[in-house]
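Letter by letter, the chains look like this.
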Amino acid sequence: MSNTTATRAAVYRRRLLSTLMAGVTALSGLVTAVAPFPALAAPKWHLDLTQGLGKKANKQRGHVSAELNDEVSRGAGPRKKDRWSREFKGEHWVQVIVMHDSEDPALSELRGDITRLGGTVQSTHPALKTLTVALPGRSLKRLAKLDDVVSVTPNRDTKGTASVMENIVGATTSSVRSYSTTTAYSGYDGTGVGIAILDSGVMKAHKSFNNAGGATRVKKSVSMLKGAGLNWSEPWTLGLASITPGSSALATYESTVAADSDQTQDAYGHGTHVASVAAGRGFYQTPDSTGVAPNANIYDVRVLNSLGVGTVADVLEGIEWVMYHAREYNIKVMNLSLAAASTDSWDVDPLCNAVRAASAMGITVVVAAGNFGQSLLGGKVYGAISSPGHSPEALTVGAVNYKDTPARNDDLVNNFSSRGPTRSYVDMGGSKWYDNVIKPDLVAPGNKVIGANATKALSSAPTKNTLATLFPQLVTAAGGPTTYAQGLIQLSGTSVAAPAVAGAAAVLLQVNPGLTPPLVKAILQYTAQPLPGYNLVEQGAGHLNLEGAIRLAQSLRTDVASAVQSGTLVSGVTSLLASGKTLPVTRSSTVAGTTFNWSRIVTVGGNHIATGDKLFNTYQAIWDPRLVWASNFAVRTEATWWSGTGIAASTFPKAFTSTYVSTGNLLSSGVVIANALLGTSSSVGNTGLFTLTPTLSSWLISGSGSTLQSGISLSQGLILSEGLILSEGLILSEGLILSEGLILSEGLILSEGLILSETGATAAGFRTTGALYGE
């Protein structure tokens, strides 16, 4: 082993191996009051729907929906049966919605232009700066080129059988669920799976969270903000163990944090929207705001206050609560649509440690990537993934702008969506290290998404939440009724994209409850759709595709998780296929009219690219959620469980220990590794970490890559293969090289120790308004 490698090994071995419960508990007692956060003030140039669409906020102009463009370009032949496409007086006409930014209240010039194009204005929507227009299809392109026109989309029927979110992610395909009426469906919907929403709260009285019988699916509401001064441990244990199940101490703690009867359960308004994207049931009204898993159970864990602000300790406390009750309540998915600053490696970041423990006990942790992808000058920022999104175990999600259409062929990655790789850090000895973990893992819809709007749970006085009060245009933009417990709001950000993936994970776990968290991530990555023009650290493996993920999950055995725990699976030998099943032959999907190949990309070891059937038809050691491999080493995290009279076995975690793994197999022979295809990382050359995802996907589909002959194993605690690295630190597109590899003022994206909701917050040095108003 070289001197450099030996030194690196020594540094890693000197790191503090913290016990999660001890470290978390120590922080939990340090909760302090948080003063109002001034960054919530709306910037002067923001997109204000009550005042008009400012041209600064709309660089792309004249956008025409791909669906509409295809229809008018069809020529002679059969037409769509939708009401917006018709033959009229021997000519093809379309009815469209025109978004404009005219400063003329009377719209005299725009109306005149539409008339000259042979069209007619059928209705105006002044608050939303839109018009409903009918015109000949031949005039569509000229309409789009008018100076005041921002976008043109078809006037689609609002009585469709599913929401835009369901359509986009593939939830309404035949392999997932099919609707017989607008409110009746059959198939997979997350039934029986619990999703924990760690956020500003969930208004359980909102109709979107009812089941088919009208009962709420918000099974439990707790507030870590009520627990200030309390610890999630008995005082005599010094924070080394959780509270004894059935004890009076536990009863006191649970009573203190209980929030089921609170009239105001989401004062900020963010968590309710997030929960509805993951698991809302919104087809009772127009617009339909149904989420991805509309029958999953919801566990509301409040960690953000009325301004969308909390502390790291609040979130750690919330994660602990979820872990303690996960097996009792069947909580299989946890969503963290929040961000914290961190200049630490994932190996020593406290939130990442908590995520590691949650994953080790079988919880799929979905995290927003952050909204720090764009500098104030409008340039791309790399390396600004927020904590705990830089955790290798986390399923980290970036945001897609779906262009207000269900079709996926015009989707873009939002400019504000944080890019990887995860940053470098400097240890106590002054040495610089690079995590270089490829993030995000994938992307999902996160632009102008409509979801449930929280109020006070009092029909006679439904007080507005903070977001709705500060930004009423977001409520106006959502449309829909103002009926109590049925209100809607439109939000954007990676915080909205994350719950779409959390809902998808819940559906996957309904289909195959034996999937481990790393398998859930790998399946979603392998089946994702690569979006053209974006690289690995912008979109990861690509756009969420639930249709393909379901088919792949159905081919695997349903006892993987329990077999991993019992140690009966042998890496590279034991089959993962269900009895009588094979891996899908067709590895493409058709979602919302767009057909695409699966990416075939799976990130392993933080910054390695793997593919091939061997990943899924044969057990690999990395599918054990207790093992984390990244940054050239591996860590194993184990839970110990409470036992005794009246305590269910292996149900309530007592403590967690993490140890560095010295030897063992990680990947078996037969797995294909694609690192060598990508070369040295260069943002200019689109190589290495900056390789365009569609390019890499096409290579893998064609059979490129190196098939491992003897697998990848640990030797003296280190994996010698470095993976894809960025040795020069992290860069901005303007060409500035930051010598320490940290983004803007030593990586202090947010005030240290604070956690922020991903919507409504700004940060020095970053343009984050798109994450509030949309792009």
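Please refer to the structure higher up on the page.
A quick note: this is a predicted structure, and the numbers were derived from the prediction, not measured.

Each value, and the rule that gives it
Residues numbered from 1 in each chain as written. Predicted model: local features only at pLDDT ≥ 70, side-chain atom pairs only at ≥ 80, totals over all residues. Heavy atoms only, no water. Helix = DSSP H or I, 4+ residues; strand = E, 2+ residues; numbered from the N terminus. Buried < 20%, exposed > 50% of the residue type's maximum accessible area, 1.4 Å probe, protein only. Areas by Shrake-Rupley, 256 points an atom, 1.4 Å probe, with all protein chains shown as cover. Pairing = 2+ DSSP bridges. Salt bridge = Lys/Arg side-chain N within 4 Å of Asp/Glu carboxyl O.

(A) Structural view of the overall build of the chain. Scanning the chain from terminus to terminus reveals 22 helices and 34 strands. Burial status across the chain gives 61% buried among its 775 residues. Just so you have it, the chain exposes about 27,200 Å², and 54% of that area is on carbon and sulfur atoms.

(B) Representation of unusual backbone geometry. With omega at 5°, the peptide bond leading from S387 into P388 counts as cis. Position of P388 relative to the elements: it lies in the loop between β15 (364-368) and β16 (395-401). Residue P421 is bonded to the preceding G420 through a cis peptide linkage, with omega at -5°. Non-glycine residue N436 carries a positive phi angle of around 55°. When you line up the elements, N436 lands in the loop between β19 (432-434) and β20 (442-445). Using a relative accessible area of 4% as the deciding quantity, one classes N436 as buried.

(C) Region of interest: the sheet that holds strand β31 (residues 672-673). Across the sheet, which stays open at both edges, the 4 strands sit in the order β25-β26-β31-β32 with antiparallel pairing between neighbours. Bordering the open sheet on either side are β25 (602-604) and β32 (706-707), each of which pairs with just one other strand. Relative to β32, β31 is paired through 2 bridges, and the arrangement is antiparallel. When the bridges of β32 are listed, V672 appears paired with T707.

(D) Quick look at the pattern of salt bridges. Enumeration according to the criterion identifies 18 salt bridges in this entry. Put simply, R138 and E91 hold a salt bridge, and the shortest N to O gap is 2.3 Å. Of this pair, R138 sits in the loop between β5 (130-136) and α5 (140-144) while E91 sits in strand β3 (residues 91-100), and the two are 47 residues apart along the sequence. Judged by relative accessible area, R138 falls into the exposed class, the value being 55%. E91 sits in the partly exposed class, given a relative accessible area of 25%. One network of salt bridges, in which partners are shared, links D624, R626, R636 and E638.

Read these as spatial facts, not as claims about activity.
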